[in-house]
Amino acid sequence: MTTTFEHAERVQVKFFAERAPETTEFIPIFHAWIRDKRIQGDTLVDVADYSHVADGPGVMLVGHGCDWYLDEHYGRRGLLFSRKRAFEGDFKGSFEDALRQAEQACIELEKDVDASFSTTELLIRVPDRLHVSNTDEDFEAIAPLLKASIAAIAGAEPTLEREGEARQCLTVRARFDAPPKLQDFTA
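Conventions used here
- Each residue is numbered by its place in its chain's sequence as written, counting from 1.
- Totals for whole chains, interfaces and linings use all residues, but because this is a predicted model, local features are given only for residues with pLDDT of at least 70 and pairs of side-chain atoms are given and counted only at 80 or more.
- Hydrogens and waters are ignored; side-chain quantities use all the structure's heavy atoms.
- Orientation is described by axes fitted as lines to C-alpha atoms, over the contacting stretch for helices, and by angles from 0 to 180 degrees between their N-to-C directions.
- Where helices and strands are cited, they refer to DSSP runs of H or I of at least four residues and of E of at least two residues respectively, numbered from the N terminus.
- In what follows, roughly perpendicular refers to angles from 65 to 115 degrees, roughly parallel to angles under 35, roughly antiparallel to angles over 145, and oblique to any angle outside these ranges.
- Left-handed describes a crossing whose near helix is turned anticlockwise from the far helix by less than a right angle; the clockwise case is right-handed.
- In this analysis, two residues are considered to be in contact whenever any of their non-hydrogen atoms come within 4.5 Å of each other.
- Any residue outside Ala, Val, Leu, Ile, Met, Phe, Trp, Tyr, Cys, Pro, Asp, Glu, Lys and Arg is labelled polar, Gly included; the first ten of those are nonpolar and the last four are charged.
- Each pair of strands is called paired provided DSSP finds at least two bridges between the two strands.

Packed helices, taken two at a time, are described by the angle between their axes plus the distance between the axes. One way to put it is that helix α2 (residues 91-112) packs onto helix α3 (residues 136-154) with a least axis distance of 10 Å and a crossing angle of 45 degrees. By the angle class used here, α2 and α3 are oblique. Crossing of α2 over α3 shows right-handed handedness. Only I142, L145, L146, S149, I150 and I153 of α3 make contact with α2, whose side of the interface consists of F91, K92, F95, E96, L99 and R100. Along the lines of polarity and charge, the residues of the contact of α2 with α3 split into 8 nonpolar, 1 polar and 3 charged.

This is the structure:
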């Protein structure tokens, strides 16, 4: 399959937690975000508790076009931003917006609860297998865009590594030798 990642609409970015309370402690925080309209650019709808699912989605803040999770996948808690609807613009803009949205949510959570998020590594997924598959060929096609966008926003160039099997969505781990601080990401 030849990649057409430029047409992919869905993208996910995860910052792993260095320290975070139990996922259920985020339920009232996410409800406050809805009440206080703390997230700009999307309509927040509800909060869902999946904390009973081992290595699952944890607690989910449901939006119209995007969702935010206090995610437990990979056996590691973190903040996962997930775009589920089309973004006005191209894939590069969508990815960069997702990265910024995830970073901003981490900063807000650090203000609201005793948590801290690492910038040593990021997890990026493109769950749009119609336009991009988890193969070396598609990874090599999309990697320059991901690397350049992350470097422009984070101020540090990551190394990228594809993970998983071809039957899974494209999954990329970005690692930094000298990790930037969350607050150093450009808005």
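To continue, consider the pairing of strand β1 (residues 11-19). Residues in a regular strand project their side chains so that they alternate between the two faces of the sheet. Of the pairings in the sheet, the one linking β1 to strand β5 (residues 78-83) comprises 6 bridges and is antiparallel in character. Among the inter-strand pairings, F15 is bridged to a residue of β5, identified as L79. As paired elements, β1 and strand β6 (residues 116-126) share 6 bridges and run antiparallel to each other. Across the sheet, residue Q12 finds its bridge partner in β6, namely R125.

Shape descriptors only; they carry no functional weight alone.
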